[in-house]
Amino acid sequence: MLIVFIDENGKGTFKELNKRTNKPYPYIVTSTITTDRELNNIRNSIGELKAKYGLPPNMEIHASDLFHPRKYFPLSEDQIRNFACEFAEVIRSLNLRIISSVVFKDYIIKKRIGERLTVPHRLVKDDKNLSIDVMRIAYRHLFERVVKLADREYSNEWILIVHDQINVDKDYQMAKDQMNVVKIMEDELLNNAFIRRTSAIGRILKPILFANSANYDALQISDFAGYIIRKHVLNENSEKFPYEKIFEIISDKLDKNPKTGKIEGWGIKTWTYFAEVE
């Protein structure tokens, strides 16, 4: 069985602005794709790395804890730097593939005939609907590339989609956000003409599974890879943490054009969504 472990980085909202660019942060969904036969090897390999650094075997490797460590995190900054690089090397050694969909957000001015161009000040659509649009594009591009990989290299495998549980402060909001993801996924699987033409569509198990990433090492890989890809596409390297070096390591596992080795459009698909302002 082929299992697609999906995690999101960021939100679809236009409200969270990058102070450096004065534009909203991108929305990224990243998948770690592997077979059920590899799960024990993934767990054992990551477990050995944790043991090397004296970390508990059941400790979740979460990117925000690694690169923005809280007081209780048991590693020093130097150890975290080394651990992150070694974690990337572990990912490179595993039999898996990574595909990520990145949606940048920008603005386009809605100008009426005869109207003078002025400084934009208001979004035409409300932020809630913009967020859904952004999410839909991200998942659409992710699914299209996942099923393309499944048809190309895993034509005999059934496909299970495991999505990281959406963490919010209130249970009703979690249920609402997860329902949005489910609806987007179901719409794409049912109505996306490209996906419907693939043989993989008949091998996708439904419904999708929402799971706590603490219980699945492959979800933790998606979280880590998504964070590093975010740093890469925003060109945000750091003196503290070698994000670009880590990206170069994990890029070996990004899906590639089998003829040219190109990652763009395969392992990383980028798109810019323009919100109308007036």
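That block above? That's the structure.
Just so it is clear, the model here is predicted, and its values are computed rather than measured. (Residues numbered from 1 in each chain as written. Predicted model: local features only at pLDDT ≥ 70, side-chain atom pairs only at ≥ 80, totals over all residues. Heavy atoms only, no water.)

### Observations regarding the sheet that holds strand S6 (residues 159–164)
- Strand order in this open sheet of six strands is S7-S6-S1-S4-S5-S8, and the pairing throughout is mixed. Bordering the open sheet on either side are strand S7 (209–211) and strand S8 (268–277), each of which pairs with just one other strand. With direction set aside, neighbouring strand axes in the sheet form an average angle of 25°.
- Direction of pairing for strand S1 (residues 2–9) relative to S6: parallel, over a ladder of five bridges. If you follow Phe-5 over to S6, its bridge partner there is Val-162.
- In the packing of helix H4 (residues 127–153) onto the sheet, contacts are made with S1, strand S4 (27–35), strand S5 (97–109), S6 and S8, and the angle to S5 comes to roughly 150°. (Pairing = 2+ DSSP bridges. Helix = DSSP H or I, 4+ residues; strand = E, 2+ residues; numbered from the N terminus. Axes fitted to C-alpha atoms, helices over the stretch in contact; angles between N-to-C directions. Contact = heavy atoms within 4.5 Å.)

### Section: the nonpolar core
- One finds Phe-67, Phe-83, Phe-87, Phe-224 and Ile-228 to be the most contacted residues of the largest nonpolar core, which totals 40 residues.
- For Phe-224, the residues in contact, after removing those within four places along its chain, are Ala-63, Leu-66, Phe-67, Ala-84, Phe-87, Ala-88, Ile-91, Ile-246 and Ile-250.
- One finds Tyr-27, Leu-130, Met-135 and Tyr-273 within the second-largest nonpolar core, a separate group that totals 35 residues. (Core = buried A, V, L, I, M, F, W, Y, C linked by side-chain atoms within 4.5 Å. Buried < 20%, exposed > 50% of the residue type's maximum accessible area, 1.4 Å probe, protein only.)

### Regarding the environment of Asn-82
- Here Asn-82 is to be found in helix H3 (residues 77–93).
- Assessed through its relative accessible area of 42%, Asn-82 is described here as partly exposed.
- The sequence separation of Asn-82 and Lys-125 amounts to 43 residues, and the corresponding C-alpha distance is 45 Å.

### A word on the pattern of salt bridges
- The full count for this structure, using the stated rule, is 23 salt bridges.
- The partner of Asp-36 in a salt bridge is Arg-37, and the shortest N-O contact between them spans 3.9 Å.
- Arg-136 is the salt-bridge partner of Asp-187, the closest N and O atoms lying 3.5 Å from each other. Of this pair, Asp-187 sits in helix H5 (residues 171–191) while Arg-136 sits in helix H4; the two residues are 51 residues apart in sequence, bridging distant segments of the chain.
- According to the relative accessible area criterion, Asp-187 is partly exposed, its value standing at 22%.
- A cluster of three or more residues bridged by salt bridges with shared partners is formed by Glu-77, Asp-78, Arg-81 and Lys-240. (Salt bridge = Lys/Arg side-chain N within 4 Å of Asp/Glu carboxyl O.)

### Structural notes on helix H1 (residues 39–52)
- With 14 residues, H1 ought to run about 20 Å at 1.5 Å a step, and its terminal C-alpha atoms sit 20 Å apart, in line with that.
- Within H1 the residues assigned to the buried category are Ile-42, Ser-45, Ile-46, Leu-49 and Lys-50. Looking straight down H1, one finds its buried side chains confined to an arc of 140°; they lie on one side. H1 presents Asn-40, Glu-48, Ala-51 and Lys-52 as exposed residues on the side facing more than 90 degrees away from its buried surface.
- The inward-facing, buried residues of H1 contact S4, H3 and helix H7 (217–233). (Expected span 1.5 Å × (residues − 1). Arc of directions from axis to C-beta.)

### A few points about the pairing of S6
- Where burial is concerned, most of S6 is hidden: six out of the six residues are buried.
- Residues Ile-159, Ile-161 and His-163 line one face of S6 and the alternating positions Leu-160, Val-162 and Asp-164 line the opposite face, and both faces are buried.
- Note that S6 and S7 share three bridges and pair parallel. Paired with Asp-164 across the two strands is Ala-211, which belongs to S7.

### Some words on empty space enclosed by the protein
- In total, this model carries two cavities of 30 Å³ or more according to the counting rule given.
- The space that makes up the largest cavity amounts to roughly 80 Å³.
- As for the largest cavity, its lining consists of Val-182, Met-185, Glu-186, Leu-189, Leu-205, Lys-206, Pro-207 and Ile-208.
- Classifying every residue of the lining of the largest cavity gives six nonpolar, no polar and two charged.
- What the second largest cavity holds in volume is close to 60 Å³.
- Considering the residues around the second largest cavity, the lining is formed by Val-4, Ile-6, Phe-143, Val-146, Val-147, Ile-159, Ile-161, Leu-189 and Ile-204.
- Of all the secondary-structure elements, those providing two or more residues to the lining of the second largest cavity are S1, H4 and S6.
- For the lining of the second largest cavity, the leading source of residues is H4, giving three residues.
- Residues that form the lining of the second largest cavity fall into these classes: nine nonpolar, no polar and no charged. (1 Å grid on protein atoms, 1.4 Å probe; cavity = no way out; pocket = protein on both sides within 12 Å on 5 of 7 lines; lining within 4 Å. Points joined across faces, edges and corners; volume = space filled by probe spheres on them. Nonpolar A, V, L, I, M, F, W, Y, C, P; charged D, E, K, R; others polar.)

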